[in-house]
Every structure is written in C-alpha cells, then in structure tokens.
Amino acid sequence: MTVCAIEMTTTTPFTIAADGSYAARLAGDGQARYVERWTLAGPEAYAVPLPLAQPEEADSEVLPLTDGRVLIHRRVADRHAFALLYPTGAASGPRTGQLSLGAVDWEEGVLVTMLPPSPDGHAAFALAASDAGTTVWRVAGGPFGPQRVARIPGRCSGGVWLDRSGRLLALDRELDGVVKAVAVDLGCGEVSPLLQIAEDSDDRLLLADPDSGLLLLRSDAPGEPRLGWGVLGSSLPVRFPDCLRADGATAVPFAVQPGQALMPETCGVALRLEGGGLALWRPADRHVFRLGAPVGWLGGTGLWSAEGRLHLPYATPEVPCGVLGMSLPVAPPAPVRVDPPPAAARPVPLQQAPLR
C-alpha cells in the first residue's frame, strides 16, 4: 500500500455515481469553470471536459449518472435550473451537448441542494428545505420535468439512501429544536422515525450500506457528539466505539465497503478527518488507522470495492486524473487478559468442616 503526504482536500465537490462508473466535478479556476466527467470503470481513469460557451458559476452542483451524462444544477435569476450535459462528436471536434430538464422556482428562505446519486443510477433528486417544511424533488429520471415526490414537516438536511432501488431515503429533520433522522418512502411520501437514541438527543445518519445494513451516525446522546454505528432493522443498541471518540465530533464517513451481506462488522469504513486527513476503520476492530491522503485528493471522496479496496481520486499538475488504491491494514490483535490463577484452597479446621 502506498501512503502519500497529507494535503488539504480541494473545496470543489467531487461526486461519484452510485455504481462507481463515473464521477463529475467543476474544473477550472476563477471565472473559467467547466464541468469535467471522469470515467472510472476500466483499467485507468480518464477525464472528459464538458465546457459550454458560457462558463459555469462556482456554486453550481454536478452529479453523474450511470449512462455517462452529468446533471448540473444552476441558479439562474429566480429559478433553480437543471440540465444534462454529455459529450458529442462532430466534424469540428468534440463538443458538449445539453438537454434542459426544467426548473424549480426560487423562494426566499428555501435552500435547494442536490441529494447524493440515486442507487438506481438514472434518477436524480434535490432537496428544497425551509423552516416551513422540506420538499423532495425528482429532477431527472421522471416522465417530465421536476416533480414533487415527498413533503416533510420541518427543515431537513443530509440525505442517505437506505436501499438499492432508490425508494427509501433517510434525512436529518430538525423539528422543535431537535434533530432526528427519519426515513422517507419516495414511492408514497410516507415519513417514519429512523433514529431515536434519546428523547432530546440530536441523532444524524451519515452513511448506510444497504447490503449489510450498516449505519454510521453521529449523536450527542452519550453526552457529547460521538460517532456510532448500528444495523438497520436491528433491535440491538447503537454502539459508540472508544477508538472513534477523538474524532467523533468532526470526522465524516464518506465510503463503506459493499457486498458484505449480513456481516456489518466486517465492512471497511473510510473517514475524512478535520484538516483533510484520512482514517480507515472496521466495526469489528478496536483500532482506527490514520493514514496519509493522496496529494490533490478531490473533495475528500472515495469508493470501496466489494473486495475491500478503497479508491481515492486525486488531481495534480503532473497527474490531472488519478486514482490511488489502498487496502485496510490488518488490525493488531486485541490484548488478551490473563486472569490470575485461582488461589489454593484454604484448609478448613476440623471443627468447621461441613457435615456429610
């Protein structure tokens, strides 16, 4: 395993498609930003620029689909506009095609952000959150333009998919001054509680693996913000490992190893540390490996393979499109407690000997 020097991650978001086939980001600097799509499926990663006649704004959001197109969310005047970008061939050379998907009206006090890539690979969803309530919009993959699919009381944030079909979505809902993760069925709009660790605790879901049911969360139920883990649908309590305590308030889990059906304890978990550091951990272990991240690490993101290999994207002047692979080191054996030998039996005086 190669370990490179730690460097601060770039502030530009880098988003990986649900199946790891593509990724996308805003490349360029200053007023000359453009969408860049990365192809990750194959022996070597490569990037394809998708520029248009007008540069993109720095606050635009991009999200790759599994068919190779990239969805872009732009703020245009009094609207949130959505479009698909894709490379096209032409006699004069490569060009960028654009397909408009429609828009959502801008409203005062409403924050519109993209949700993580849907597990089905072709749909895309956005969250419109305000104190009055939160709306989930399907902005790609529907029969027509943006469509409301759910309305949730309270201000919601986050966004974690709980299944492989893209129907069950977990959101962190703030209601009456308390934050609790809830599950939203996008098929019918039904909202149900997901995390209820303590009555007045803030319980946020950070990451989930549908294969094993592993849940990564942050809660202040132990008396301070701590990282914990549990299993979806399990009756066992959430666990807050001591080895995660030092980074519990700020570390962000960004990737979990898939394919470990019914074995959540064996899933590798990658954590982005404050300051751009990297840590690897497995629930079955009592040890966290703090490692050097690659120079130019993009967005503090990555992707686990089912075989336990973590892939981290990076870009430097020498390597404009690179992926570093690393494996979770073997944890040291847990200390073995050696109990002292039992004390020799004390002779019992005859007059105190039990009668038979």
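See the structure printed just above.
Presented here is an overview of the structure given in this document. (Residues numbered from 1 in each chain as written. Predicted model: local features only at pLDDT ≥ 70, side-chain atom pairs only at ≥ 80, totals over all residues. Heavy atoms only, no water.)

### So, the overall build of the protein
- Within the protein, the secondary structure is distributed over zero helices and 26 strands.
- Counting over 356 residues, the protein shows a buried share of 47%.
- The contacts of the protein with a sequence gap of at least 6 include a subset with a gap of at least 24, amounting to 41%.
- About 18,400 Å² of surface is accessible on the protein, with carbon and sulfur atoms providing 53% of the total. (Helix = DSSP H or I, 4+ residues; strand = E, 2+ residues; numbered from the N terminus. Buried < 20%, exposed > 50% of the residue type's maximum accessible area, 1.4 Å probe, protein only. Contact = heavy atoms within 4.5 Å. Areas by Shrake-Rupley, 256 points an atom, 1.4 Å probe, with all protein chains shown as cover.)

### Focus: the pairing of strand 2 (residues 22–27)
- Within strand 2, six of the six residues are buried, which leaves it mostly tucked inside the rest of the structure.
- The alternating pattern of strand 2 places Tyr 22, Ala 24 and Leu 26 on one face and Ala 23, Arg 25 and Ala 27 on the opposite face, and all of these are buried.
- Bridge count for strand 1 (residues 14–16) against strand 2 is three bridges, and the pairing is antiparallel. When the sheet's bridge partners are listed, Thr 15 is paired in strand 2 with Ala 24.
- Hairpin connection of strand 1 to strand 2: five residues between the antiparallel strands, including Gly 20 at a positive phi of 75 degrees.
- From the end of strand 2 to the start of strand 3 (residues 34–39), which pair antiparallel, there are six residues, and Gly 28 there has a positive phi angle of about 90 degrees. (Pairing = 2+ DSSP bridges.)

### What about the side chain of Asp 163?
- Mapped onto the secondary structure, Asp 163 falls in the loop between strand 13 (155–161) and strand 14 (168–175).
- Although buried, Asp 163 forms no salt bridge, and the nearest oppositely charged side chain, Arg 167, lies 6.5 Å from it.
- Reaching out from Asp 163, the side chain makes a polar contact with the side chain of Ser 165 at a distance of 2.6 Å.
- In terms of polar contacts, Asp 163 uses its side chain to reach the backbone amide nitrogen of Gly 166, at 3.3 Å. (Lys, Arg positive; Asp, Glu negative; His and termini not counted. Salt bridge = Lys/Arg side-chain N within 4 Å of Asp/Glu carboxyl O. Polar contact = N/O pair within 3.5 Å; in protein donor to acceptor, adjacent residues only side chain to side chain.)

### Considering the environment of Arg 309
- If you trace the backbone, Arg 309 turns up in strand 25 (residues 309–314).
- When the C-alpha positions of Arg 309 and Leu 328 are compared, they lie 7.4 Å apart, and in sequence the two are 19 residues distant.
- Leave out the neighbours within four places in its chain, and Arg 309 touches Leu 303, Trp 304, Gly 325, Met 326 and Ser 327.
- There is a polar contact of 2.9 Å between the side chain of Arg 309 and the side chain of Ser 327.

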